[in-house]
Amino acid sequence: MSLYFILFLFGEGLVVVVAMSMDRLAHMSAVAFRAAAIGRDVYKLGVVECNELFVLGLLHDVGYRYGDGPGHAQLGGELLKDNGYKYWREVMYHGVPDASFDSVFLRILNQADMEVGPGGDVVSMDERLVNIGERYGVSSVEYLNAEKVINKIKEDLKELEAE
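These lines cover the structure that appears in this document, whether it is placed above or below. (Residues numbered from 1 in each chain as written. Predicted model: local features only at pLDDT ≥ 70, side-chain atom pairs only at ≥ 80, totals over all residues. Heavy atoms only, no water.)

Observations regarding the packing of helix α6 (residues 125-136) against helix α7 (residues 141-162)
Next, step 1: Running from amino to carboxyl end, α6 crosses α7 at an angle of 170 degrees, the nearest separation of the two axes being 9 Å. Between α6 and α7, the crossing angle belongs to the class labelled roughly antiparallel. Between α6, through Met125, Asp126, Leu129, Ile132, Gly133 and Tyr136, and α7, the contact on the second element is made entirely by Glu142, Tyr143, Ala146, Glu147, Ile150, Ile153, Lys154 and Leu157.
Next, step 2: For the contact of α6 with α7, the class distribution of residues is 9 nonpolar, 1 polar and 4 charged. (Axes fitted to C-alpha atoms, helices over the stretch in contact; angles between N-to-C directions. Helix = DSSP H or I, 4+ residues; strand = E, 2+ residues; numbered from the N terminus. Parallel < 35°, antiparallel > 145°, perpendicular 65-115°, else oblique. Contact = heavy atoms within 4.5 Å. Nonpolar A, V, L, I, M, F, W, Y, C, P; charged D, E, K, R; others polar.)

Laid out in C-alpha coordinates, this is it:
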(Lines give C-alpha, C1' and ligand atoms only; values in the text may rest on other atoms or scores of the structure.)
Protein backbone atom coordinates (compact mmCIF):
# COMPACT_ATOMS: atom_id res chain seq x y z
CA MET A 1 0.00 0.00 0.00
CA SER A 2 1.34 3.42 -0.95
CA LEU A 3 1.27 6.20 1.60
CA TYR A 4 0.70 9.82 0.72
CA PHE A 5 1.59 12.72 2.96
CA ILE A 6 -0.68 15.58 3.87
CA LEU A 7 0.36 18.66 5.80
CA PHE A 8 -1.96 20.46 8.24
CA LEU A 9 -1.08 23.92 9.57
CA PHE A 10 -2.53 25.16 12.84
CA GLY A 11 -2.60 28.36 14.80
CA GLU A 12 0.84 29.74 15.43
CA GLY A 13 2.79 27.74 12.88
CA LEU A 14 2.15 24.31 14.38
CA VAL A 15 2.42 21.63 11.73
CA VAL A 16 1.12 18.07 11.65
CA VAL A 17 2.31 15.77 8.86
CA VAL A 18 0.24 12.65 8.32
CA ALA A 19 0.80 9.70 6.01
CA MET A 20 -2.40 8.16 4.65
CA SER A 21 -3.51 5.82 1.89
CA MET A 22 -5.00 7.37 -1.24
CA ASP A 23 -8.41 5.80 -0.42
CA ARG A 24 -8.37 7.35 3.07
CA LEU A 25 -7.45 10.76 1.64
CA ALA A 26 -10.21 10.43 -0.98
CA HIS A 27 -12.71 9.61 1.79
CA MET A 28 -11.58 12.57 3.91
CA SER A 29 -11.74 14.93 0.93
CA ALA A 30 -15.21 13.74 -0.08
CA VAL A 31 -16.46 14.09 3.51
CA ALA A 32 -15.14 17.68 3.45
CA PHE A 33 -17.15 18.54 0.34
CA ARG A 34 -20.22 16.68 1.62
CA ALA A 35 -20.11 18.40 5.06
CA ALA A 36 -19.92 21.84 3.45
CA ALA A 37 -22.86 20.98 1.17
CA ILE A 38 -24.98 19.68 4.07
CA GLY A 39 -24.17 22.81 6.07
CA ARG A 40 -25.25 25.01 3.17
CA ASP A 41 -28.25 23.07 1.86
CA VAL A 42 -29.73 21.42 4.95
CA TYR A 43 -28.72 23.69 7.82
CA LYS A 44 -28.62 26.95 5.78
CA LEU A 45 -25.24 27.93 7.23
CA GLY A 46 -23.16 30.78 5.84
CA VAL A 47 -19.93 30.71 3.88
CA VAL A 48 -17.66 30.95 6.93
CA GLU A 49 -19.33 28.02 8.69
CA CYS A 50 -19.33 25.94 5.51
CA ASN A 51 -15.61 26.59 5.05
CA GLU A 52 -15.04 25.48 8.64
CA LEU A 53 -17.07 22.32 7.93
CA PHE A 54 -14.91 21.66 4.87
CA VAL A 55 -11.72 21.76 6.97
CA LEU A 56 -13.40 19.63 9.65
CA GLY A 57 -14.23 17.02 7.01
CA LEU A 58 -10.63 17.00 5.82
CA LEU A 59 -9.39 16.40 9.35
CA HIS A 60 -12.02 14.03 10.73
CA ASP A 61 -10.08 10.79 10.13
CA VAL A 62 -6.58 12.03 10.90
CA GLY A 63 -6.49 9.61 13.85
CA TYR A 64 -6.34 6.62 11.49
CA ARG A 65 -2.68 7.47 11.06
CA TYR A 66 -2.12 6.38 14.65
CA GLY A 67 -4.61 3.54 15.09
CA ASP A 68 -7.40 1.62 13.42
CA GLY A 69 -11.00 1.09 14.40
CA PRO A 70 -13.26 3.13 16.63
CA GLY A 71 -10.31 4.50 18.61
CA HIS A 72 -9.19 6.59 15.63
CA ALA A 73 -11.63 9.37 16.56
CA GLN A 74 -10.20 9.67 20.07
CA LEU A 75 -6.63 9.68 18.77
CA GLY A 76 -7.43 12.29 16.13
CA GLY A 77 -9.33 14.46 18.58
CA GLU A 78 -6.43 14.42 21.02
CA LEU A 79 -3.94 15.30 18.28
CA LEU A 80 -6.06 18.21 17.11
CA LYS A 81 -6.75 19.43 20.66
CA ASP A 82 -3.02 19.44 21.38
CA ASN A 83 -2.53 21.53 18.23
CA GLY A 84 -5.22 24.08 19.10
CA TYR A 85 -7.84 23.09 16.53
CA LYS A 86 -11.23 24.65 17.32
CA TYR A 87 -13.34 21.59 16.40
CA TRP A 88 -11.29 18.84 18.05
CA ARG A 89 -14.38 17.64 19.96
CA GLU A 90 -16.26 17.00 16.72
CA VAL A 91 -13.37 14.84 15.54
CA MET A 92 -13.11 13.06 18.89
CA TYR A 93 -16.81 12.22 19.07
CA HIS A 94 -17.64 11.54 15.42
CA GLY A 95 -19.12 8.09 15.01
CA VAL A 96 -19.85 7.82 18.74
CA PRO A 97 -23.61 7.26 19.07
CA ASP A 98 -24.04 8.12 22.75
CA ALA A 99 -21.44 10.88 23.00
CA SER A 100 -21.58 13.25 25.95
CA PHE A 101 -20.84 16.07 23.48
CA ASP A 102 -23.18 17.34 20.76
CA SER A 103 -23.07 20.20 18.26
CA VAL A 104 -24.52 21.06 14.88
CA PHE A 105 -21.06 20.54 13.38
CA LEU A 106 -20.84 17.06 14.92
CA ARG A 107 -24.25 16.17 13.47
CA ILE A 108 -23.21 17.42 10.05
CA LEU A 109 -19.87 15.59 10.21
CA ASN A 110 -21.57 12.32 11.17
CA GLN A 111 -24.05 12.67 8.32
CA ALA A 112 -21.32 13.47 5.80
CA ASP A 113 -19.18 10.56 7.04
CA MET A 114 -22.12 8.17 6.73
CA GLU A 115 -22.83 9.39 3.17
CA VAL A 116 -19.30 8.82 1.83
CA GLY A 117 -17.82 5.39 1.18
CA PRO A 118 -14.27 4.35 2.08
CA GLY A 119 -12.93 5.32 -1.37
CA GLY A 120 -14.62 8.73 -1.49
CA ASP A 121 -17.80 7.82 -3.37
CA VAL A 122 -21.07 9.41 -2.24
CA VAL A 123 -23.47 6.68 -1.09
CA SER A 124 -26.72 6.40 0.83
CA MET A 125 -26.48 5.86 4.57
CA ASP A 126 -27.96 2.39 4.08
CA GLU A 127 -25.28 1.54 1.50
CA ARG A 128 -22.60 2.81 3.87
CA LEU A 129 -23.93 0.60 6.64
CA VAL A 130 -23.84 -2.45 4.35
CA ASN A 131 -20.24 -1.60 3.45
CA ILE A 132 -19.26 -1.30 7.12
CA GLY A 133 -20.91 -4.67 7.78
CA GLU A 134 -18.97 -6.25 4.93
CA ARG A 135 -15.66 -4.81 6.15
CA TYR A 136 -15.99 -5.35 9.90
CA GLY A 137 -18.91 -7.76 10.37
CA VAL A 138 -22.48 -7.00 11.44
CA SER A 139 -21.77 -7.76 15.08
CA SER A 140 -18.69 -5.51 15.23
CA VAL A 141 -18.47 -2.34 17.31
CA GLU A 142 -17.92 -0.37 14.10
CA TYR A 143 -21.16 -1.66 12.57
CA LEU A 144 -23.27 -1.30 15.71
CA ASN A 145 -22.02 2.25 16.32
CA ALA A 146 -22.62 3.22 12.68
CA GLU A 147 -26.15 1.80 12.84
CA LYS A 148 -26.94 3.88 15.94
CA VAL A 149 -25.37 7.01 14.45
CA ILE A 150 -27.38 6.59 11.23
CA ASN A 151 -30.61 6.15 13.19
CA LYS A 152 -29.84 9.35 15.12
CA ILE A 153 -29.08 11.23 11.89
CA LYS A 154 -32.40 10.11 10.41
CA GLU A 155 -34.24 11.28 13.55
CA ASP A 156 -32.45 14.65 13.44
CA LEU A 157 -33.33 15.10 9.76
CA LYS A 158 -37.02 14.35 10.46
CA GLU A 159 -37.00 17.01 13.19
CA LEU A 160 -35.40 19.53 10.82
CA GLU A 161 -38.03 18.82 8.16
CA ALA A 162 -40.82 19.32 10.72
CA GLU A 163 -39.54 22.82 11.62
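A word on the nonpolar core
Next, step 1: Membership of the largest hydrophobic core comes to 21 residues, with the highest contact counts inside it found for Leu53, Leu56, Leu80, Tyr85 and Ile108.
Next, step 2: Setting aside residues up to four positions removed in sequence, leucine 53 forms contacts with Ala32, Ala35, Ala36, Gly39, Leu45, Phe105 and Ile108.
Next, step 3: Formed by 10 residues, the second largest nonpolar core is a distinct cluster that contains Met114, Met125, Val149 and Ile150. (Core = buried A, V, L, I, M, F, W, Y, C linked by side-chain atoms within 4.5 Å. Buried < 20%, exposed > 50% of the residue type's maximum accessible area, 1.4 Å probe, protein only.)

Considering unusual backbone geometry
Next, step 1: The backbone of lysine 44 shows a phi angle near 55 degrees, a positive value even though the residue is not glycine.
Next, step 2: Of the residues examined, lysine 44 reaches a relative accessible area of 63% and is grouped as exposed.

Thoughts on the pattern of salt bridges
Next, step 1: Using the criterion set out here, one finds 9 salt bridges in the structure.
Next, step 2: Residues arginine 128 and aspartate 113 are paired through a salt bridge, measuring 3.6 Å at the closest nitrogen-oxygen approach. Here the residue arginine 128 occupies a position in helix α6, and aspartate 113 occupies one in helix α5 (residues 104-114), the gap between them amounting to 15 residues.
Next, step 3: Since its relative accessible area comes to 7%, aspartate 113 is described here as buried.
Next, step 4: Several salt bridges share partner residues, and in doing so they unite Asp102, Arg107, Lys152 and Asp156 into one network. (Salt bridge = Lys/Arg side-chain N within 4 Å of Asp/Glu carboxyl O.)

Considerations on the packing of aromatic side chains
Next, step 1: A full pass over the atoms with the stated rule returns 4 aromatic pairs.
Next, step 2: Note on phenylalanine 33 and phenylalanine 54: the rings are 4.9 Å apart at their centroids and 80 degrees apart in plane angle, and the pair reads as edge-to-face. Note that phenylalanine 33 is positioned in helix α1 (residues 22-41) and phenylalanine 54 in helix α2 (residues 47-59), a separation of 21 residues in sequence.
Next, step 3: Residue phenylalanine 54 is classed as partly exposed on the basis of its relative accessible area of 24%.
Next, step 4: Clustering of aromatic rings is evident, with ring pairs tying together Tyr85, Tyr87 and Phe105.
Next, step 5: One Lys or Arg, arginine 24, reaches over the ring of tyrosine 64 and ends 3.7 Å from the middle of that ring.
Next, step 6: Of note, arginine 65 hangs over the ring of tyrosine 66, and the distance from its end group to the ring centre comes to 5.9 Å. (Phe/Tyr/Trp six-rings, centres within 6.5 Å; stacked < 30°, edge-to-face > 60°. Lys NZ or Arg CZ within 6 Å of the ring centre and 35° of its normal.)

Some details on the side chain of glutamate 90
Next, step 1: As for its position among the elements, glutamate 90 is in helix α4 (residues 88-93).
Next, step 2: One buried charged side chain, glutamate 90, makes no salt bridge at all; its nearest oppositely charged neighbour is arginine 89, positioned 6.3 Å away.
Next, step 3: Apart from the residues lying within four places of it in its own chain, the contact partners of glutamate 90 are Leu56, Phe101, Ser103, Phe105, Leu106 and Leu109. (Lys, Arg positive; Asp, Glu negative; His and termini not counted.)

Here we look at the environment of serine 29
Next, step 1: Within the fold, serine 29 resides in helix α1.
Next, step 2: Owing to a relative accessible area of 26%, serine 29 belongs among the partly exposed residues under this scheme.
Next, step 3: Placed 87 residues apart in sequence, serine 29 and valine 116 show a C-alpha to C-alpha distance of 9.8 Å.

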